[in-house]
Amino acid sequence: MTGFPRSPEHLHLLLNHLPLTGLAIANLGLLMGLVFRSRAAQVCTLWLVLLCAGSAWPVYLTGKAGYRDIRRIADEPGMDYLDEHLDRADRFTLAYAPAAVLALAGLALPHFWPKSRTLLALLAFLGSTVALAAGTYIAEAGGKVRHLEIRPKPSDAPEVQPSD
């Protein structure tokens, strides 16, 4: 065993599921907490939303740091997908900020204004839903860099139907 990975590429691969899969699970828990009006569930999942939304920046930074090394080993279509992935990350990683801020507000502000807790939890849910949409868009191009099985299949030439 070589120990903890130190290269940004490996760290990116380890962390990149948190702002997407982790946030999706946290969002589901938050929705359940809202539906069942459970403050305990809301608090637990608001912490998870804060953690997972906040993890978007280490994921972004490790991805950006590993960009050149991955571009060197990618095939031609992979390079295009990598460029698209980075462009999307540059434009949409900020979508995670409102989710993190709203989760933090949902944790802190109800101590001062108890009636705000449901509204803030709902706003955090909406913010994390937007972040999930942005993250899905970013990840869609990123997955295609090295995973040939999820790239679009080259279309064959259309069959020419004989005319009568």
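Residues numbered from 1 in each chain as written. Predicted model: local features only at pLDDT ≥ 70, side-chain atom pairs only at ≥ 80, totals over all residues. Heavy atoms only, no water.

Undergrad: Help me understand the packing of aromatic side chains, please; the structure alone is not making it clear to me.
TA: Summed over the entire model, instances satisfying the criterion amount to two aromatic pairs. A ring pair is formed by F92 and Y137, whose centres lie 5.4 Å apart and whose planes are at 90°; its orientation type is edge-to-face. In this pair, F92 sits in helix α5 (residues 76-92) while Y137 sits in helix α7 (residues 117-143), placing the two residues 45 residues apart along the sequence. The ring of Y137 has R88 sitting right over it, with the charged end atom 3.9 Å from the ring centre. (Phe/Tyr/Trp six-rings, centres within 6.5 Å; stacked < 30°, edge-to-face > 60°. Helix = DSSP H or I, 4+ residues; strand = E, 2+ residues; numbered from the N terminus. Lys NZ or Arg CZ within 6 Å of the ring centre and 35° of its normal.)

Undergrad: Even after reading the chapter, I still don't get the packing of α5 against α7, so can you show me in this structure?
TA: Where α5 contacts α7, the two axes come as close as 7 Å, and the packing angle between them is 160°. Judged by the angle between their axes, α5 and α7 are roughly antiparallel. Two packed elements cross with a definite hand, and for α5 against α7 that hand is left-handed. Contacts between α5 and α7 involve Y81, E84, H85, R88, A89, R91 and F92 from the first element and A134, Y137, I138, A139, E140, A141 and G142 from the second. A breakdown of the residues in the contact of α5 with α7 according to their chemical character gives eight nonpolar, two polar and four charged. (Axes fitted to C-alpha atoms, helices over the stretch in contact; angles between N-to-C directions. Parallel < 35°, antiparallel > 145°, perpendicular 65-115°, else oblique. Left-handed = near helix turned anticlockwise from the far one by under 90°. Contact = heavy atoms within 4.5 Å. Nonpolar A, V, L, I, M, F, W, Y, C, P; charged D, E, K, R; others polar.)

Undergrad: Quick question: what am I supposed to make of the pattern of salt bridges here?
TA: Pairing between side chains of opposite charge can happen when their charged atoms approach one another. Under the defined criterion, the tally for this structure stands at eight salt bridges. Between D75 and R151 there is a salt bridge whose closest N-O contact spans 2.9 Å. Taken together, the residues span a long stretch of sequence, with D75 in the loop between α4 (56-73) and α5 and R151 in the segment after α7 at a distance of 76 residues. For D75, a relative accessible area of 33% corresponds to the partly exposed category. The exposure class of R151 is buried, given its relative accessible area of 11%. In this structure, R91 engages D87 in a salt bridge whose closest nitrogen and oxygen atoms are separated by 3.2 Å. Note that R91 and D87 are positioned in helix α5 at a spacing of four residues, about one turn of the helix. Take D87: its relative accessible area is 33%, and that puts it in the partly exposed class. (Salt bridge = Lys/Arg side-chain N within 4 Å of Asp/Glu carboxyl O. Buried < 20%, exposed > 50% of the residue type's maximum accessible area, 1.4 Å probe, protein only.)

Undergrad: What should I look at first to understand the nonpolar core in this one?
TA: Nonpolar side chains tend to gather and get buried jointly when the protein is soluble and globular. Counting residues in each nonpolar core, the largest one holds 19 residues, and the members touching the most others are L23, L30, L46, V49 and Y96. Residues in contact with Y96, not counting those within four places in the same chain, are P19, L20, L23, A53, A56, W57, A131 and G135. (Core = buried A, V, L, I, M, F, W, Y, C linked by side-chain atoms within 4.5 Å.)

Undergrad: I'm lost on helix α6 (residues 96-108) in this one. Help?
TA: Since there are 3.6 residues in each turn of an α-helix, residues three or four apart along the chain are aligned in direction. For α6, which comprises 13 residues, the first-to-last C-alpha distance of 19 Å matches the rise-based estimate of 18 Å (1.5 Å per residue) to within 8%. For α6, the set of buried residues is Y96, A99, A100, A103, A105, G106 and L107. Contact partners of the buried residues in α6: α2 (18-35), α3 (39-54), α4 and α7. (Expected span 1.5 Å × (residues − 1).)

Undergrad: In this structure, what is going on with the side chain of E9? I would like to understand it.
TA: Within the secondary structure, E9 sits in helix α1 (residues 8-15). One buried charge, E9, has no salt-bridge partner; the nearest side chain with opposite charge is R72, at 7.2 Å. Setting aside anything within four residues of it in sequence, one finds E9 in contact with G66, D69 and I70. (Lys, Arg positive; Asp, Glu negative; His and termini not counted.)

Structural measurements only, silent on function.
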